[in-house]
Amino acid sequence: MHHKKLLILLACSMFATAANVAAQSPTPNPPRPLPNPVLYLMSTEPYTANGKDFTRYRYGVDNFSVYPDEMFAAAPNLPPCGQNTKSSRSWVDIFDMRGKRLYGFCALGKSSDLNSIWFSVEAGEIPPSYVYIEIKDRQTDMKYKSNLAETVE
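Residues numbered from 1 in each chain as written. Predicted model: local features only at pLDDT ≥ 70, side-chain atom pairs only at ≥ 80, totals over all residues. Heavy atoms only, no water.

Asker: An account of the state of the cysteines is needed here, citing residue identities and associated values.
Answerer: Counting across every chain of the model gives one disulfide. Residue pairing for Cys81: its cysteine sulfur links by disulfide to Cys106, the two sulfurs lying 2.0 Å apart. Residues Cys81 and Cys106 share a disulfide whose torsion about the S-S bond is about -80 degrees; that sign makes it left-handed. Here the residue Cys81 occupies a position in the loop between β2 (52-61) and β3 (90-96), and Cys106 occupies one in the loop between β4 (101-105) and β5 (117-122), the gap between them amounting to 25 residues. Residue Cys106 is classed as buried on the basis of its relative accessible area of 16%. (Disulfide = S-S within 2.5 Å. Helix = DSSP H or I, 4+ residues; strand = E, 2+ residues; numbered from the N terminus. Buried < 20%, exposed > 50% of the residue type's maximum accessible area, 1.4 Å probe, protein only.)

Next comes the structure, spelled out in C-alpha cells:
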C-alpha cells in the first residue's frame with residue numbers, strides 16, 4: 001500500500017513540475033489578425049498610354065489606418081518584385097469577382113497608399129462588375145481580403 005501511495009505522489013509531483021515549466025515557458029505571440037480592408041470606388045478617369053485609350057478605376061480603403069505603415073516598408077530581406085529588390089513587406093493585388101488578378105502593387109510605402117490603388121481596362125472593354133483586393137503580408141504570411149466593390153460610380 002505504501003508503495004502505491006509513493007507512485008501516485010511521484011506522478012502528481014512530475015505532473016505539477018511539467019505544468020509549472022510549461023507555464024513559465026514564454027510562448028511567442030502569433031500575429032494578431034487585422035480587420036479586412038473595406039474597399040470602395042473613388043473615381044474613374046480616361047487616359048491614353050502608348051496610343052491606346054483606357055479607363056482607370058481608382059480605389060480607396062476606408063479603414064487603411066488600421067494597417068501599420070511597417071506593413072508597407074521596404075523589405076529587401078524578402079523575395080523581390082521583379083527587379084525591385086526593395087519591394088514592400090505587403091503586396092496588394094486587385095481581382096475581379098471570379099478571382100482573376102487584374103493588377104498588383106508591390107511597392108506601396110505606407111498604409112495611406114492604399115488610397116491610390118487602381119486597375120484599368122482598354123476603352124470599349126466592359127469592366128468586371130465587382131472587384132476585391134487582397135493584402136498579403138509576406139513577413140507574417142497573413143492575407144486580408146476585402147469586400148466586393150463596384151466598378152460603377
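Asker: Account for the packing of aromatic side chains, naming residues and giving values.
Answerer: The final tally for this structure, using the stated rule, is eight aromatic pairs. On the basis of an interplanar angle of 10 degrees and a centroid distance of 5.0 Å, the ring pair of Tyr57 and Phe119 is categorised as stacked. Here Phe119 lies in strand β5 and Tyr57 lies in strand β2, a separation of 62 residues in the sequence. For Phe119, a relative accessible area of 2% gives the class buried. Measuring from centroid to centroid gives 6.2 Å for Phe105 and Trp118, while their planes differ by 75 degrees, and the two rings are edge-to-face. Separated by 13 residues along the polypeptide, Phe105 in strand β4 and Trp118 in strand β5 bring together distant segments of the chain. Take Phe105 and Trp118: they sit in the same class, and that class is buried. Taken together through their ring pairs, the aromatic side chains of Tyr57, Tyr59 and Phe119 make up a single cluster. Positioned above the aromatic ring of Trp118 is the side chain of Arg56, whose terminal nitrogen or guanidinium carbon lies 4.4 Å from the ring centre. (Phe/Tyr/Trp six-rings, centres within 6.5 Å; stacked < 30°, edge-to-face > 60°. Lys NZ or Arg CZ within 6 Å of the ring centre and 35° of its normal.)

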